[in-house]
Amino acid sequence: MSRIGKQPVELPSGVKATVNGQTINVEGPKGKLSMDAHGMMKVSMDDNKVVVERPDESRQARSLHGLTRTLIANMVHGVSQGYTKVLEINGVGYRAEAKGKGIKLSLGFSHPIEYDPPAGVTVEVDKSKTKLTITSIDKQLVGETAAKIRSYRPPEPYRGKGIKYEGEYIRRKEGKSAGK
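The notes below deal with the structure included here. Every value quoted in this text rests on a predicted model; they were computed, and no experiment measured them.

The rules behind these values
Residues numbered from 1 in each chain as written. Predicted model: local features only at pLDDT ≥ 70, side-chain atom pairs only at ≥ 80, totals over all residues. Heavy atoms only, no water. Pairing = 2+ DSSP bridges. Helix = DSSP H or I, 4+ residues; strand = E, 2+ residues; numbered from the N terminus. Contact = heavy atoms within 4.5 Å. Axes fitted to C-alpha atoms, helices over the stretch in contact; angles between N-to-C directions. Phe/Tyr/Trp six-rings, centres within 6.5 Å; stacked < 30°, edge-to-face > 60°. Buried < 20%, exposed > 50% of the residue type's maximum accessible area, 1.4 Å probe, protein only. Lys NZ or Arg CZ within 6 Å of the ring centre and 35° of its normal. Salt bridge = Lys/Arg side-chain N within 4 Å of Asp/Glu carboxyl O.

## Section: the sheet that holds strand β1 (residues 9–10)
Either a parallel or an antiparallel arrangement is found when strands of a sheet pair, and the pairing is made through backbone hydrogen bonds.
So, step 1. Read across the sheet, 3 strands follow the order β1-β6-β5 without closing on themselves; strand pairing throughout is antiparallel. Unpaired on one side and paired on the other, β1 and β5 (42–46) mark the two borders of the sheet.
So, step 2. Two elements, β5 and strand β6 (residues 49–53), share 5 bridges in a ladder whose sense is antiparallel. Bridge pairing in β6 links M45 to V50.
So, step 3. Along the sheet face, helix α1 (residues 59–80) touches β1, β5 and β6 and points at about 160 degrees away from the line of β6.

Have a look at this one:
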């Protein structure tokens, strides 16, 4: 039995969930999210909880059981509290600027990179212009946006220049040593 899948998803105050067939709609103070569950899973409401059940013990059913429950839990957390990721920019002359809804990144290339985040995602630039805060109610969109921005200049191991997640440890390498 899936230890994660068998736990019901409790709805905090202010969050409402409805289940219509395989479609789960979650509405809270920060917004609305909906998801279509896999046809194999049975999703139902019990009191103030969302319960996910699987039909049999096949490998696919066991895999989807925990996944479906976790996706619903992420939706509930997103509409009640939201998700945030912070990126740090390291390097001489590397910086970010807010430009309308998007951002303009100067990362040592011959031209600045302009990035417009997807709908529902906000990107804020800190006063120091070296910290980006990505916020949304959808956990997947926050992660994808952060990974896309980081991919423009991932941190390099020799000097540590580039865009990294806050708290990420960059393993440093020693450069070439001088002749004997």
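## Focus: the packing of aromatic side chains
So, step 1. Scanning the model with the defined rule gives 1 aromatic pair in all.
So, step 2. Between Y115 and Y152, the ring centres sit 6.2 Å apart and the planes meet at 70 degrees, which makes this aromatic pair edge-to-face. Note that Y115 is positioned in strand β10 (residues 113–115) and Y152 in the loop between α2 (139–151) and β13 (162–165), a separation of 37 residues in sequence.
So, step 3. When its relative accessible area of 22% is taken as the criterion, Y152 is described as partly exposed.
So, step 4. A cation over an aromatic ring shows up here: K85 above the ring of Y165, its NZ or CZ 5.1 Å from the ring centre.
So, step 5. Sitting over the face of the ring of F109, R153 holds its NZ or CZ atom 4.3 Å from the ring centroid.

## Describing the sheet that holds strand β9 (residues 102–106)
So, step 1. Within the open sheet, the 3 strands sit side by side as β8-β9-β10. Their pairing is antiparallel. Two strands lie at the open edges of the sheet, namely β8 (95–99) and β10, each paired on one side alone. Going across the sheet, the axis of each strand differs from the next one's by a mean of 25 degrees, ignoring polarity.
So, step 2. Across 3 bridges, β9 lies against β10 in antiparallel orientation. Note on β10: the bridge partner recorded for K104 is E114.

## Describing the pattern of salt bridges
Think of it this way: side chains of opposite charge can pair up when their charged atoms draw near.
So, step 1. Overall, the coordinates contain 7 salt bridges when judged by the stated rule.
So, step 2. A salt bridge links K42 to E53, with the nearest nitrogen and oxygen atoms 3.8 Å apart. Within this pair, whereas K42 is found in strand β5, its partner E53 is found in strand β6, the two being separated by 11 residues in sequence.
So, step 3. Among the salt bridges present, the one from E168 reaches R150, with a minimum N-O distance of 2.8 Å. Taken together, the residues span a long stretch of sequence, with E168 in the segment after β13 and R150 in helix α2 at a distance of 18 residues.

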